[in-house]
Amino acid sequence: MSLHLWIIPLLPLAGAAINGLLGKHFPKSLVNTIALGSTAAAFAYALWVAVRFLGLPADQIPHIERYATWMTAGTFSAEFGTYLDQLSLVMLLVVSGVGFVIHIYSVGYMEHEGGYYRYFAYLNIFMFFMLTLVLANNYLFMFVGWEGVGLASYLLIGFWFLKDSAANAGKKAFITNRVGDFGFLIALFLLIKHFGTLQYDTVFKALAAYPVEASAGLLTAVGLLMMVGATGKSAQIPLYVWLPDAMEGPTPVSALIHAATMVTAGVYMVARSNPVFNRAPIALLVVAIIGTLTAIFAASIGILQTDIKKVLAYSTVSQLGYMFMGCGVAAYGAGIFHLMTHAFFKALLFLCSGAIIHSLSGEQDMRNMGGLRKYMPYTFWTMTIATFTISGFPPLAAFFSKDEILWKTWASGNHVLWLIGVIAAAMTAFYMFRLWFMTFFGEYRGAPAENSGHGHDAHDSHGNHGHAGPHESPMVMIVPLMILAVLCVVGGWVGVPAALGGSDRFDHFLDPVFHSTAERAPGAETAALPAEGHEDHEEASTEYLFMGISVAAAAIGFLGAWFLYYKRTDLPTKMAEGAGGLYRLVLDKYRIDELYGATIIQPIILASTNILWKGIDATLIDGAVNESAAGAQDVSDGLRHMQSGNIRSYAGWVAFGAAVVIAFMVWRGVR
Amino acid sequence: MVPLSYYLVLSAILFACGVAGFLIKRNIITIFMSIELMLNAVNLTFVSFAAEWRALSGHVFVFFVMVVAAAEAAVGLAIIISVFRTRETLNVDRVNLLKL
């Protein structure tokens, strides 16, 4: 039985092709119909696939479809094929579902922008590549999607390419990702070298049969290199620097690509490669450490940002850190669970911030907002839900997912990582409520009614439709907010842990993906087996305690933000004035960009300029060409004088030549 | 009997005279005569060897060279007259339009 999974990515591709090639002459309504229709169809088909998938007998999972051989080289071959198991099903539904919702929202957000058809063509091509990434049945085909989403991300970050900062941000994202992709590619080469294939099923089966002693070094290398790829795509230390800059793109793009879907590709890849990581405990530990450090590092930067989208960008980096933290303690289910809830609440947060930016004619600085509660009630309430969700208050989605990650981190014995995670959770609550209070409470601090030119994201828009001060968004933008808000509330209920009377359904659903293929990594035993029924009463009570701690951390963050940004709004300024070097350092985002600039980019530029350009290219290559030309000219110039036109000199040369020949013959003897 | 080497030395002297005249003189007619001198120096070599070894081909070759020299004289003198008519000089250094 075939589910014809190829239809799912091809629908958005068709939409992108039609809109991209012909859309210039289409009216907006037709562009909308094609873009939204193809995405909606993909989502609907994905839902149908989900229903059919749940009816499959266990021995037919994973469901693999093979369509054609893509390339053959010696014994290696790659194919076009799809791979559907519980993991890719979750990703499929999240990507197509959230993607569709954000398509709807974009109709309202981009209404007054030029390049409308171009925007939707890019968005659709992103959907195509993302679905390819999720559905591919081998690493190489996945890599196509992996690079493709990078391309779509580049195009959409630089959507307003006339603006230098946007064009530069796009380049930065693309180049930073190249660094990560380099690592990922080497990991793939290693896999090809040792297993001769990149098919998931073959590689994982071969891995299970591979002797542990022989595989440790290899798999650690593969795991670490894959993690390099994941740090690029999923914006982890040390390659996270592109994500905050990526906020130059339109806000729905930030929501879809740079929060909900593309940046989670690294998490998906790590979870997908769990047989590799399970047998490479060092690589797994590195994943956990990088994730945890990123979580707290980005959260601390987010605390002092004043640009509403930058706060959310650092928040995304931080939440991705949590996902890697979960994966790193071999709790892949928890990581993917957080990926799903994060897709809901972070998309909602971005779309709400987009609604605010839209309504304030492109204002992004929170210091110029405030009091928006009165003007934008729908946005306020959905944003409130999202803020409480990300902070981890029960019974909202992120409470369950984040708590599961933290609990499993503790249970795996990584107590330090757990502590850092809890502190980061408190910071998360603090900066999110800071954003919430600064935006919606107090008095409106922006400029009063402004009737002049109007643009979003500081972009000069072409339409002037008489905005007068903050106002609520049109329905086409509010409805997506509501859909996502509902998901934020109920999304976590699929994974209520056993300790709270639930059954951890989400984890059990994913169990076949993560528990069957290989044995667990040492040190992750406790985390690996919470579902196998040895969770006794004592452990449950410990789990209550940890939930309590998580909620308390969130509450501390809330109270801190409430005190500083609602009760005593004069305090932050005073504290900033009295603050020392650390404050300035955090405000400057730890000057990481400057550090990279000084240690990596400048040396590369200098070396490229002086060695590659002036040294090798200008001197060696150009020099060789120019010198050989000049040499030929010099020789010819010398020879030219022989051709004087003087007959007697010609005759002299003839006589001279004859004399030479005769002398030679005399010397060698005539035969 | 006169030894062969005498003939050859005489021939070499004649040839060297021809070459020297060819290189030194500027008058085309003198150069032309130098060429004839060189041809006949070669002819002398041919007939000397032919007489020495009693081989007929040397004699035959001399006749061929004479024929060529006669033809050359006819064509060459025609060219010289033509050059003199157009340029009114026989100085070979001034007949140099073919140079680069």
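No experiment lies behind these values; they were computed from the predicted model shown.

Digging into the overall build of chain B
Here is step 1: Broken down by element type, chain B carries three helices and zero strands.
Here is step 2: Overall, chain B shows an N-to-C arrangement of helices and strands of α-α-α.
Here is step 3: Relative to the 2.2 N^0.38 estimate, which gives 13 Å for 100 residues, the radius of gyration of chain B is 17 Å and therefore markedly larger than a compact globule would have.
Here is step 4: When the backbone C-alpha atoms are referred to their principal axes, chain B occupies close to 50 × 25 × 25 Å.
Here is step 5: Of all 100 residues assigned to chain B, the portion counted as buried reaches 9%.
Here is step 6: Sequence separation of at least 24 residues holds for 48% of the intrachain contacts in chain B that already meet a minimum separation of 6.

Regarding the overall build of chain A
Here is step 1: Looking only at helices and strands, chain A features 27 helices and two strands.
Here is step 2: Overall, the C-alpha framework of chain A stretches about 115 × 70 × 55 Å when taken along its three principal axes.
Here is step 3: Residue burial in chain A is summarised as follows: out of 671 residues, 50% are buried.
Here is step 4: Counting contacts in chain A only where the partners sit at least 6 residues apart, residues at least 24 apart contribute 81% of the total.

Some remarks on the interface of chain B and chain A
Here is step 1: Between chain B and chain A, the residue contacts involve nine residues of the former and ten residues of the latter.
Here is step 2: Class assignment for the residues of the side of chain B that touches chain A results in six nonpolar, one polar and two charged.

Side note on unusual backbone geometry
All names here are of chain A.
Here is step 1: A cis amide bond links Ile61 with the next residue in sequence, Pro62, at an omega value of 0°.
Here is step 2: Mapped onto the fold, Pro62 is located in the loop between helix 2 (28-54) and strand 1 (63-73).
Here is step 3: A cis amide bond links Pro394 with the next residue in sequence, Pro395, at an omega value of 0°.
Here is step 4: The topology assignment puts Pro395 in the loop between helix 17 (377-391) and helix 18 (397-411).
Here is step 5: Even without a glycine there, the phi angle at Ala235 is positive, about 55°.
Here is step 6: If you trace the backbone, Ala235 turns up in the loop between helix 8 (212-233) and helix 9 (242-245).
Here is step 7: Residue class for Ala235 comes out buried when judged on the 31 C-beta atoms lying within 10 Å of it.
Here is step 8: Unusually for a residue other than glycine, Lys589 sits at a positive phi of about 55°.

What to know about the nonpolar core
Here is step 1: If you look at the biggest cluster of nonpolar residues, it comprises 203 residues, and the most contacted ones within it are Phe126, Ala347, Leu348, Leu484 and Cys488 of chain A.
Here is step 2: Contacts of Leu484 of chain A, omitting those with residues within four sequence positions, involve Val101, Phe344, Ala347, Leu348 and Leu351 of chain A.

A word on helix 17 of chain A
Residues and elements named next belong to chain A.
Here is step 1: Here helix 17 contains 15 residues, and its C-alpha end-to-end distance of 21 Å stays within 8% of the 21 Å for a straight helix at 1.5 Å per residue.
Here is step 2: Of all 15 residues in helix 17, eleven are buried, a share of seventy percent or more.
Here is step 3: Looking one or two residues beyond helix 17, the residue adopting positive phi is Gly392, at roughly 95°.

What counts and what doesn't
- Residues numbered from 1 in each chain as written.
- Chains lettered and ligands numbered in written order.
- Predicted model: local features only at pLDDT ≥ 70, side-chain atom pairs only at ≥ 80, totals over all residues.
- Helix = DSSP H or I, 4+ residues; strand = E, 2+ residues; numbered from the N terminus.
- Rg over C-alpha atoms; globule rule 2.2 N^0.38 Å.
- Buried ≥ 20, exposed ≤ 12 C-beta atoms within 10 Å, placed from the backbone.
- Contact = placed C-beta atoms within 7 Å.
- Nonpolar A, V, L, I, M, F, W, Y, C, P; charged D, E, K, R; others polar.
- Core = buried A, V, L, I, M, F, W, Y, C linked by C-beta atoms within 7 Å.
- Expected span 1.5 Å × (residues − 1).

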